[in-house]
Amino acid sequence: MAGVSSESLATALADLETKLPTASLSLADELFGILRVLDASAGLRRALTDPSREGAEKSALVQRLLAGKASADAAEIVSRLASQRWAGSRDISDALETLAATVAIAVAEQRGEASGLSGLERLENDLFSFVRTVDDSHDLQAALSEPQASAEAKRTLALRLVPSASDEARLLIGQAAADPRGLKPTELVKRFAALAAKRQERWIAEVAVARPLNNDQAERLQTGLNRLYGRELKITTTVDPQLLGGVRVTVGDEVLDASTLARLTELRRQLAGQAG
């Protein structure tokens, strides 16, 4: 997914973030169910991705279709998704799959014991356990790709392979087995695992410093970052003498750069702009 569709997905994920702290696994299940409806109707997908239609019109169409059939949260998520612009009719379905998986992943994050990181790590381990089991057996690969087998039979088989997996992992694995949407089930599970790994980055602060921190400095840094982000971060520290001084912190896609090098670079940029 690229271009306008990629931008629309980014917007939808940002909107979804406000619902994730209180999201339930049933919401993810609902969204996967709506995805099946979308995938089954090329006409509906075309209507929701028609560039000649206003976003409000497409959003209203979704609200009418889901009225009384889906929760308010699910209807709102899908209607907002439909209000965006999409390069192709399949892109909106792919985006909805990502949103549904993200909800399930966020629920696993909430259930982490020491921190959200532990819940995400368990989910990722459960997903890869399924992948390894299937990859090691040609019979399982054949069974999960058998065109004559029903979706429910494939889901049942897949879940039998991971009896101790978390509820979130079982939902994602069952979805991948029953409705891989043109992929091998293991490939879709790997995509879900990649989303879980990406979300783990929210819990890891990569800190670069010009010289090693003493214990007091490390504790103050930990406390300050935890307060700033509102969660207990795992900090990894590297020494980079090229920074000259200060600190650079990377959490996910966000970079906080208070290094001397960054300030010098900014000063040079400003001077170059004035000279021009």
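Predicted model, so just to flag it, every value in this text is computed and none were measured.

Rules and cut-offs
- All residue numbers refer to position in the chain's written sequence, counted from 1.
- With pLDDT at 70 or above as the cut-off, local features in this predicted model cover only qualifying residues; side-chain atom pairs require 80 or more to be listed or tallied, and sums for whole chains, interfaces and linings still use all residues.
- Excluded from the side-chain calculations are hydrogens and water; all other atoms, namely the structure's heavy atoms, are used.
- By nonpolar core is meant a set of buried Ala, Val, Leu, Ile, Met, Phe, Trp, Tyr and Cys residues that side-chain atoms within 4.5 Å join together.
- To sort residues, take the accessible area from a 1.4 Å probe on protein chains only and compare it with the maximum for the residue type: under 20% means buried, over 50% means exposed, and anything in between is partly exposed.
- Helix and strand assignments follow DSSP, with helices taken as H or I runs no shorter than four residues and strands as E runs no shorter than two, numbered in order from the N terminus.
- Residue contacts are defined here by distance: any two heavy atoms, one from each residue, within 4.5 Å place the two residues in contact.
- At least two DSSP bridges between two strands are needed for those strands to be called paired.
- Viewed with both strands pointing away, a crossover whose connecting path from the first strand over the helix to the second turns clockwise is right-handed.
- Expected span of a helix, by definition, is 1.5 Å for each gap between consecutive residues, and there is one gap fewer than residues.

Caption draft 1: Here's a closer look at the nonpolar core. Judged by nonpolar contacts, the single largest core of 63 residues is most densely connected at Leu 31, Leu 127, Phe 130, Leu 172 and Ile 173. With 11 residues, the top contributor of residues to this core is helix α6 (residues 89-110). Leaving out residues up to four positions away in the same chain, Leu 172 has contacts with Phe 32, Ala 101, Ala 104, Ile 105, Leu 123, Leu 127 and Phe 192. Judged by nonpolar contacts, the second largest core, of nine residues, contains Ala 205, Leu 221, Leu 225 and Val 251.

Caption draft 2: Spotlight on the pairing of strand β2 (residues 234-239). Examined bridge by bridge, strand β1 (residues 204-209) and β2 share six bridges and lie parallel to one another. For Glu 206, the partnering residue across the bridge sits in β2 and is Thr 236. For the crossover that starts at β1, traverses helix α12 (residues 215-229) and ends in the parallel β2, the hand is right-handed.

Caption draft 3: Region of the structure containing the side chain of Ser 5. Within the secondary structure, Ser 5 sits in helix α1 (residues 3-16). Setting aside residues up to four positions removed in sequence, Ser 5 forms contacts with Arg 85, Trp 86, Ala 87, Gly 88 and Asp 91.

Caption draft 4: Layout of helix α2 (residues 25-40). An ideal rise of 1.5 Å per residue puts 22 Å on 16 residues; α2 measures up with 23 Å between its terminal C-alpha atoms. Turning to α2, its buried residues number three or more, namely Leu 25, Leu 27, Ala 28, Leu 31, Phe 32, Ile 34, Leu 35 and Leu 38. Those residues of α2 that are buried lie in contact with α3 (42-49), α4 (55-66), α5 (72-82), α6, α10 (167-178) and α11 (185-200).

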